[in-house]
Every structure is written in structure tokens, then in C-alpha cells.
Amino acid sequence: MKQGYTDCMLNRRVSCRLYPNQEQHQLMQTMRYLHQQYYNAALEQRITAYRKQGVSLNFYDQCKEHKEVRELEEYAALNSQSCQVTLKRVHLAMQAFFRRIKAGETPGFPRFKSFSRYPGWGYKTHGDGWRLHSDEKHGYLRLSGVGHIHMRGKARTQGTPKTLDILYRQGKWYASVVFECAPKREQNTITGAIGLDWGVETFATLAHDNGEYT
């Protein structure tokens, strides 16, 4: 075994069902709408910058202008890191577009997202805009600006929550959480040595290190 292998940590994604009340549902729908608008505005900004100025904006360029967006009243309530996640999604979509061009594939330029086709938003760091509280079976999720939301589901392997995606699918809310956890290995419960002998009179004989034969 290589040294340090046991210290290797794994990331596992776990999806849990959320049960917001009616007020929380409306607040979350508003957040989803604002992130959808923010995604489209960031994509439009990249297109306009290239067409009018020949400038290719990147993720860091748009993050620098994020403070101006936060000055708008409707966006002030959004978590800053969650807005950066939305900008990152635009960045990744553009990267995938140019990668397909380079590979000689049909590129498919990134599209503007309609509200009905925009699944949700994300958070980068546990404790910044969200906090997970779970017991042996279920628990709740605290979202900044929304409150405590009842949750069903748990991780099979315990770990530290790292990132979160809030998703809305077919009229239901979900929390998709990435946990950092240690790899789980089953312990070998067999002790002692066993020898196997194929014979003529006896089909097989097992010799145990305690002197017994079976």
C-alpha cells in the first residue's frame, strides 16, 4: 500500500428532498428567477463585449463587476458566492463551446435559459449562505434569506459538507450536497491461516493453523 493512501479523501454527491412551506417556496422561486436572469445577463455581456469591442470576457472579469450588480435592490439579498457559482456556469458553458470548436465538433453556442428550463442555483462553501443540519435519518437545511427547510434523506457515508446545489424538478425541491469523506473499507474478519489440499480419496481437505482438518 502506498504511503498516504489511507489519508485520501473522496467527494460524494447526495441528493435530499426538501419540503419548504408556501412562503419558503415563493422565496426560493424568486431566487431561482434572479439567478436565471443573472445567467442570461452574464451571457449577454460576453456576447456584446466580443461583438462591439472584440473582447473575450472571462470568469474573473465578470466577478469584478459583480459588486455593481449587488447594488441593485433585487439582487442584494442573494448570496455573493452563489452568484459567483452562476457566473462560473456561464464560464464553463463558453469553455465547452470553444473546446468543441477546437476538436472539430459541432460547437452549439451556449443558449439563454428560460425560467422553466433553469433548474436552480449553487453555493461554494458550507456555512456561507447555507448550513446543513442532519440526524440519523433526516434533518433540515438553513438557507440565507429563506430560513430552515425540512429535509428527507441522508448520506450513507458520513463526511463534511462542501458545496450545495438547490434544484427544482417537476414541482419538487432538492438539495444536492457534495460531501468530503474518507473511503470506507470493510475489515477482514477472517483470522489465522488455512491450507487447501486436493486429494484422491477425499475431494478437498482444509487444514487450519490450529491443527484441525475439515
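Here's a quick rundown of the structure. Sequence positions are assigned chain by chain, starting from 1 and proceeding in written order. For a predicted model such as this one, the threshold for reporting local features is a pLDDT of at least 70, and the threshold for listing and counting side-chain atom pairs is 80 or more; totals across whole chains, interfaces and linings nevertheless cover every residue. The side-chain figures draw on all heavy atoms in the structure; neither hydrogens nor water molecules are used.

1. Some points on the sheet that holds strand β4 (residues 138-143)
Pairing between the strands of a sheet is mediated by backbone hydrogen bonds and can be parallel or antiparallel. Quick note on the threshold: At least two DSSP bridges between two strands are needed for those strands to be called paired. Put simply, DSSP H or I for four residues or longer makes a helix, DSSP E for two residues or longer makes a strand, and each gets a number counted from the N terminus. Between N-to-C directions, angles span 0 to 180 degrees; the directions come from axes that are lines fitted to C-alpha atoms, helices contributing only their stretch in contact. Residue contacts are defined here by distance: any two heavy atoms, one from each residue, within 4.5 Å place the two residues in contact.
Taken in spatial order, the seven strands of this open sheet run β2-β6-β7-β1-β5-β4-β3, and their pairing is antiparallel. Across the chains shown, the open sheet's two edge strands, defined by having one partner strand only, are β2 (120-123) and β3 (130-134). Geometrically, the sheet is characterised by an average inter-axis angle of 30° between neighbouring strands, direction not taken into account. Relative to strand β6 (residues 160-169), β2 runs antiparallel, the two being bridged by four bridges. Counterpart to Trp 121 in the pairing with β6 is Ile 166. Against the sheet, helix α5 (residues 80-102) contacts β2 and β6, and its axis sits at roughly 115° relative to β2.

2. Regarding helix α1 (residues 22-53)
So the rule is basically this: One less than the number of residues in a helix, times 1.5 Å, gives the span that helix is expected to have.
With 32 residues, α1 should cover 46 Å at 1.5 Å per step; its first-to-last C-alpha distance of 46 Å lies within 8% of that length. One or two residues past the end of α1 sits Gly 54, with phi positive at roughly 70°.

3. Some words on the state of the cysteines
Applicable threshold: A pair of cysteine sulfur atoms is labelled a disulfide when the two atoms are within 2.5 Å.
Under the counting rule described, the total for this entry stands at zero disulfides. Left without a disulfide partner, Cys 63 is nearest to the cysteine sulfur of Cys 83, which lies 9.9 Å away.

4. Focus: empty space enclosed by the protein
Test applied: With a 1 Å grid spanning the protein atoms alone, the term cavity applies to any set of points in which a 1.4 Å probe fits but cannot get out, the term pocket to an open set with protein on both sides within 12 Å along at least five of seven lines, and the term lining residue to any residue with an atom within 4 Å of a point. Grid points are joined across faces, edges and corners, and a volume is the space filled by probe spheres set on the points. Only Asp, Glu, Lys and Arg are considered charged, only Ala, Val, Leu, Ile, Met, Phe, Trp, Tyr, Cys and Pro nonpolar, and every remaining residue, Gly among them, polar.
Taken as a whole and judged by the stated rule, the model has one cavity of 30 Å³ or more. Looking at the largest cavity, its volume works out to about 40 Å³. Around the largest cavity, the lining residues are Met 31, His 35, Ala 77, Leu 78, Asn 79, Ser 82, Trp 121, Tyr 123 and Ser 144. Those elements giving two or more residues to the lining of the largest cavity turn out to be α1 and β2. Its residues placed into classes, the lining of the largest cavity shows five nonpolar, four polar and no charged.

5. Comments concerning the nonpolar core
So the rule is basically this: The nonpolar core is taken to be a set of buried Ala, Val, Leu, Ile, Met, Phe, Trp, Tyr and Cys residues, with the residues joined through side-chain atoms within 4.5 Å. Between buried and exposed lies partly exposed: a residue is buried under 20% and exposed over 50% of the maximum accessible area for its type, with that area taken using a 1.4 Å probe on protein chains only.
In this structure, Leu 18, Leu 141, Leu 143, Leu 164 and Ile 166 are the most contacted members of the largest nonpolar core, which totals 36 residues. Beyond its immediate sequence surroundings of up to four residues, Leu 141 is in contact with Leu 18, Trp 130, Arg 131, Leu 132, Gly 147, His 148, Ile 149, Leu 164, Ile 166 and Ala 175.

6. With respect to the pairing of strand β1 (residues 10-19)
Both β1 and strand β7 (residues 172-181) contribute to a ladder of nine bridges, which runs antiparallel. Bridge pairing in β7 places Arg 13 opposite Val 178.

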